[in-house]
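# Results of the structural survey
Spelled out from the first residue to the last, the chains are:
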Amino acid sequence: YSPAMKSYGLKLCCLLLVIYAGNCLPDGDLCKWMNGRKYYIDVGESGIISVENATSMSKGAETVTTTTTNNNQPQIPQRCSVELITCPSCHLEITIQKLHIPTCSNDKTCRCDFLWIKESAYSKSGREYCGTKGNGSTDLVYESKTKLVSVDFLFSGSYEEAFSLQFSAKKNIYIYKGSYDYFESNSSGVIKSPNFPGGYPSDYSAEYIIQNLEQIGFVQLIFTDFQLSLWSYVEVFDSNGTRIDVYNGNTFRPPAIVSSGPTLTVKFQANDEYPSTGFQARYTFVSYPEKYWINRPSTDCGGFVEDFGGAITMMNMVPSNTIRAFDCIWLIRPRNSHVPDTQVAIRVAQLEEMCPKSALTIRQGQ
């Protein structure tokens, strides 16, 4: 070959490589070449998945034109599936733009053909979609909790156009904004690890940014549940970026935290082969005077209760004529030697001489 031909061949080779890399993202028909494959989606990337001109291999399948199905003819549904995976600090957002999958039930539940978006990490996760949705109706949005999502279409008929959806990968950065208002519900809220209390993913990270919209406002954070392994941890950062503290499985419960400015940031990092339950925390937007209130709750009480029986008490906690607020949690659980189906019985023997806003709450655990 001449030098010019060699140069042309090199350019053509590079061009072919670029085109092949561009086709790695799923952007086409689920029941054709995409079926049974797995694709990695980077942050900022997006694509479209649809099903058109699909016919089930079930015997006697007919084009779906009505909202009813003959229940006297049982059919084995055909399944088309694709897996989307992104980075551990990311999640997938899926928007269903078109949906033409008739339902066969009177209560509009998806008992026959349906689109199923689920997360493999959780057996009870995901959602089934059926019915009709056109271009003018509101989009149906599914936001994953983990990095891996499976898109499945189960059908036993024929479809000219079953559905069309768009997906994209986004960072696990969640922002919560509000201000102190006694009459508004946005003065407080909850942040928690994914799938709490069912167990967080083994490889996961997220950032929660809590912002008080008042210039002289602050953020208070109280962890109501905290069960992490030794290799997972939570970091809390103040408004100026200074790290307040870091907590892992060695901590039963972090103390109550109040920011020095209008912003508080919580970062969660999971690095476990066998993850634990996770965490849950309540944030509250407070105004300038309340930052220095003397009744800020103390959380240095409570703990694990693993005995075969006994009593839990709160008596003589503060001196006379002194006001102090407590937020205590006792986690009652059987010892490791107990069988898994062990039950716990609790009886409240005495509850008196408490302040007007005091409350005792008993919750069912995992």
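In this convention, every chain numbers its residues from 1, walking through the sequence in written order. Only residues with pLDDT of 70 or above have their local features reported here, since the model is predicted, and side-chain atom pairs are shown and tallied only from 80 upward, although totals for entire chains, interfaces and linings are computed over all residues. Hydrogens and water are ignored here; the side-chain numbers use all heavy atoms of the structure.

### With respect to the overall build of the protein
If you tally the helices and strands in the protein, you get one helix and 22 strands. Counting only residues that meet the buried cut, the protein has 37% of its 366 residues in that class. When contacts within the protein are restricted to residue pairs at least 6 apart in sequence, those whose partners lie at least 24 apart make up 77%. When the accessible area of the protein is evaluated, it comes to approximately 22,600 Å², of which 51% is carbon and sulfur surface. Counting from the N terminus, the helices are the DSSP runs of H or I reaching at least four residues and the strands are the DSSP runs of E reaching at least two. Here the term buried applies to any residue with accessible area under 20% of the maximum for its type, exposed to any over 50%, and partly exposed to those in between, with areas from a 1.4 Å probe on protein chains only. Throughout, a contact is declared for two residues whenever any of their heavy atoms are within 4.5 Å. Computed by Shrake-Rupley with a 1.4 Å probe, the accessible areas treat only the displayed protein chains as cover when residues are assessed.

### Details of the nonpolar core
In terms of nonpolar packing, the biggest core is built from 33 residues, with Leu 30, Ile 49, Ile 101, Leu 115, Val 151, Phe 153 and Phe 163 touching the most fellow members. Mapped onto this core, the elements with two or more residues apiece are β3 (46–55), β4 (78–85), β5 (90–101), β6 (114–118), β10 (148–155) and β11 (158–171). Sequence-distant contacts of Ile 49, that is, excluding residues within four places in its chain, are made with Gly 28, Leu 30, Met 34, Val 82, Leu 84, Phe 163, Ser 164, Leu 165 and Phe 167. Note on terminology: a nonpolar core comprises buried Ala, Val, Leu, Ile, Met, Phe, Trp, Tyr and Cys residues joined through side-chain atoms within 4.5 Å.

### Some points on the packing of aromatic side chains
Stacked, edge-to-face and tilted labels apply to pairs of Phe, Tyr and Trp rings (six-membered ring for Trp) whose centres lie within 6.5 Å, assigned for plane angles under 30 degrees, over 60, and everything in between, in that order. One pass over the full model with this rule turns up 15 aromatic pairs. Residues Trp 33 and Tyr 39 carry aromatic rings whose centres are separated by 6.5 Å and whose planes lie at 90° to one another, so their mutual orientation is edge-to-face. Taking the relative accessible area as the measure of exposure, Trp 33 reaches 38% and is therefore partly exposed. The class of Tyr 39 is buried, set by a relative accessible area of 8%. Pairing Phe 268 with Phe 279 gives two aromatic rings, centres 5.2 Å apart and planes at 70°, and the pair type is edge-to-face. Linking Phe 268 in strand β19 (residues 263–271) with Phe 279 in strand β20 (residues 278–286), this pair joins segments that are eleven residues apart in sequence. A relative accessible area of 0% places Phe 279 in the buried class. Taken together, the aromatic side chains of Tyr 174, Tyr 200, Tyr 204, Tyr 208, Phe 223, Phe 226, Phe 268 and Phe 279 make up a single cluster linked through ring pairs. Note that Lys 118 overlies the ring of Trp 116, its terminal NZ or CZ placed 5.0 Å from the centroid. The criterion for a charge sitting over a ring is simple: Lys NZ or Arg CZ within 6 Å of the ring centre, and within 35 degrees of the ring normal.

### Comments concerning unusual backbone geometry
Cis geometry marks the peptide bond from Phe 196 to Pro 197; its omega dihedral reads 5°. With respect to the helices, strands and loops of the structure, Pro 197 is situated in the loop between β13 (188–192) and β14 (203–212). Positive phi, normally seen in glycine, also occurs at Asn 53, with a value near 50°. Within the fold, Asn 53 resides in strand β3. Within the chain, Asn 195 stands out as a residue other than glycine whose phi angle is a positive 65°. Structurally, Asn 195 is set in the loop between β13 and β14. The exposure class of Asn 195 is partly exposed, given its relative accessible area of 22%.

### Examining the state of the cysteines
Two cysteine sulfurs form a disulfide in these notes if their separation is within 2.5 Å. In this structure the tally under the stated criterion is five disulfides. Two residues share a disulfide in this structure: Cys 110 and Cys 130, whose sulfurs sit 2.2 Å from each other. In this structure the cystine formed by Cys 110 and Cys 130 twists about its S-S bond by roughly -95°; its chirality is therefore left-handed. Of this pair, Cys 110 sits in the loop between β5 and β6 while Cys 130 is found in the loop between β7 (127–129) and β8 (131–133), placing the two residues 20 residues apart along the sequence. The buried category is assigned to Cys 110, whose relative accessible area is 15%. Since its relative accessible area comes to 17%, Cys 130 is described here as buried.

### Focus on the sheet that holds strand β16 (residues 233–237)
What makes two strands pair is DSSP finding at least two bridges between them. Spatially, β12-β14-β19-β16-β17 is the arrangement adopted by the five strands of the open sheet, whose pairing is mixed. Of all strands in the sheet, those with a lone pairing partner are β12 (173–178) and β17 (243–248), marking the two edges. On average, each strand axis in the sheet is tilted by 15° relative to the strand beside it, whichever way the strands run. Looking at chain direction, β14 and β19 are connected through nine bridges and run antiparallel. Following the sheet pairing, Tyr 208 is matched in β19 by Val 266. Interaxial angle, 0 to 180 degrees, is taken between N-to-C directions of lines fitted to C-alpha atoms, where a helix line uses only the stretch in contact.

### Observations concerning the confidence of the model for the protein
Summary of the metric used: pLDDT quantifies the predictor's per-residue confidence within the range 0 to 100. On average, residues of the protein carry a pLDDT of 81, and 79% of them reach 70 or more. The spread of mean pLDDT over the elements of the protein runs between helix α1 (residues 3–22), the lowest at 42, and β16, the highest at 97. Here residues 1–23 is a poorly scored stretch, pLDDT under 50, and it has one contact once near neighbours within four places are set aside; other chains count. Contacts from residues 59–69, a stretch scored under 50 in pLDDT, to residues over four places away or in other chains number 19 contacts.

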